[in-house]
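Residues per chain are reported as follows:
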Amino acid sequence: MVKVIATNYIKAEHIEAAKPLFREILEATNKEDGCLEYKLYENKDEPGLYVFVEEWESMAHLEAHFQTDHFKRIVPLLGGFAAKQGGVQVLSEFK
């Protein structure tokens, strides 16, 4: 099992434009094979801070996600709204 935490910082003037993209990627990704959880959280104390929390059956499923049309199209669009660079942590369960 693989967990991912992906942080996005969206400029205040682009938050409303980013919301439909967030909804679209959430809907499409949650239908992907191997996706156990794909949720988006927003920080109410820091407007523009959005955090994806993901859980995948395997690294292969996550890598397949990176190749989907919706990922390849939406992620660069969201990047254009970025206030600063976010980050991605790919985590595996401690054993």
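Scroll up a little and you will see the structure.
Residues numbered from 1 in each chain as written. Predicted model: local features only at pLDDT ≥ 70, side-chain atom pairs only at ≥ 80, totals over all residues. Heavy atoms only, no water.

## Considering the overall build of the chain
Right, on to step 1. In terms of helices and strands, the chain carries three helices and four strands.
Right, on to step 2. Relative to the 2.2 N^0.38 estimate, which gives 12 Å for 95 residues, the radius of gyration of the chain is 13 Å and therefore close to what a compact globule would have.
Right, on to step 3. Projected onto its principal axes, the C-alpha coordinates of the chain cover approximately 40 × 30 × 20 Å.
Right, on to step 4. By the burial criterion, 34% of the 95 residues in the chain qualify as buried.
Right, on to step 5. The contacts of the chain with a sequence gap of at least 6 include a subset with a gap of at least 24, amounting to 69%.
Right, on to step 6. In the structure as shown, the chain presents an accessible area of about 6100 Å², 54% of it carried by carbon and sulfur atoms.
Right, on to step 7. Seen as two clouds, the 11 positive and the 16 negative side-chain charges of the chain have centres 3 Å apart. (Helix = DSSP H or I, 4+ residues; strand = E, 2+ residues; numbered from the N terminus. Rg over C-alpha atoms; globule rule 2.2 N^0.38 Å. Buried < 20%, exposed > 50% of the residue type's maximum accessible area, 1.4 Å probe, protein only. Contact = heavy atoms within 4.5 Å. Areas by Shrake-Rupley, 256 points an atom, 1.4 Å probe, with all protein chains shown as cover. Lys, Arg positive; Asp, Glu negative; His and termini not counted. Charge placed at Lys NZ, Arg CZ, Asp CG, Glu CD.)

## Description of the pairing of strand β1 (residues 2–10)
Right, on to step 1. The side-chain alternation of β1 yields one buried face, formed by Val2, Val4, Ala6, Asn8 and Ile10, and one unburied face, formed by Lys3, Ile5, Thr7 and Tyr9.
Right, on to step 2. Sheet topology note: the β1/strand β3 (residues 49–56) ladder contains eight bridges and is antiparallel. Residue pairing for β3: Tyr9 is matched across the bridge by Leu49.
Right, on to step 3. For β1 and strand β4 (residues 82–92), the ladder comprises eight bridges, and the chain directions are antiparallel. (Pairing = 2+ DSSP bridges.)

## Topic: the nonpolar core
Right, on to step 1. Membership of the largest hydrophobic core comes to 19 residues, with the highest contact counts inside it found for Ile10, Phe22, Tyr38, Phe52, Trp56 and Leu78.
Right, on to step 2. Elements with a minimum of two residues in this core: β1, α1 (15–29), β2 (35–42), β3 and α3 (69–79).
Right, on to step 3. Top contributing element to this core by residue count: α1, with six residues.
Right, on to step 4. The residues contacting Phe22, other than those within four sequence positions of it, are Ile10, Leu40, Tyr50, Phe52 and Leu78. (Core = buried A, V, L, I, M, F, W, Y, C linked by side-chain atoms within 4.5 Å.)

## Here's the deal with the pattern of salt bridges
Right, on to step 1. In this structure the tally under the stated criterion is seven salt bridges.
Right, on to step 2. Between Glu16 and Lys19 there is a salt bridge, and its shortest N-O distance comes to 3.1 Å. Pair noted here: Glu16 and Lys19 are both in helix α1, with a separation of three residues, about one helical turn.
Right, on to step 3. Taking the relative accessible area as the measure of exposure, Lys19 reaches 24% and is therefore partly exposed.
Right, on to step 4. Connected through shared salt-bridge partners, Lys3, Glu37, Lys39 and Glu55 make up one network. (Salt bridge = Lys/Arg side-chain N within 4 Å of Asp/Glu carboxyl O.)

## Observations regarding the packing of aromatic side chains
Right, on to step 1. Applying the stated criterion to the full structure yields five aromatic pairs.
Right, on to step 2. Pairing Phe22 with Phe52 gives two aromatic rings, centres 5.8 Å apart and planes at 65 degrees, and the pair type is edge-to-face. Remark: Phe52 occurs in strand β3 and Phe22 occurs in helix α1; sequence separation between them is 30 residues. The same class applies to Phe22 and to Phe52, which are both buried.
Right, on to step 3. Put simply, the rings of Phe22, Tyr38, Tyr50, Phe52 and Trp56 touch in pairs and so form one group of aromatic residues.
Right, on to step 4. A cation over a ring is seen here: Lys84 above Tyr9, with NZ or CZ 4.4 Å from the ring centre. (Phe/Tyr/Trp six-rings, centres within 6.5 Å; stacked < 30°, edge-to-face > 60°. Lys NZ or Arg CZ within 6 Å of the ring centre and 35° of its normal.)

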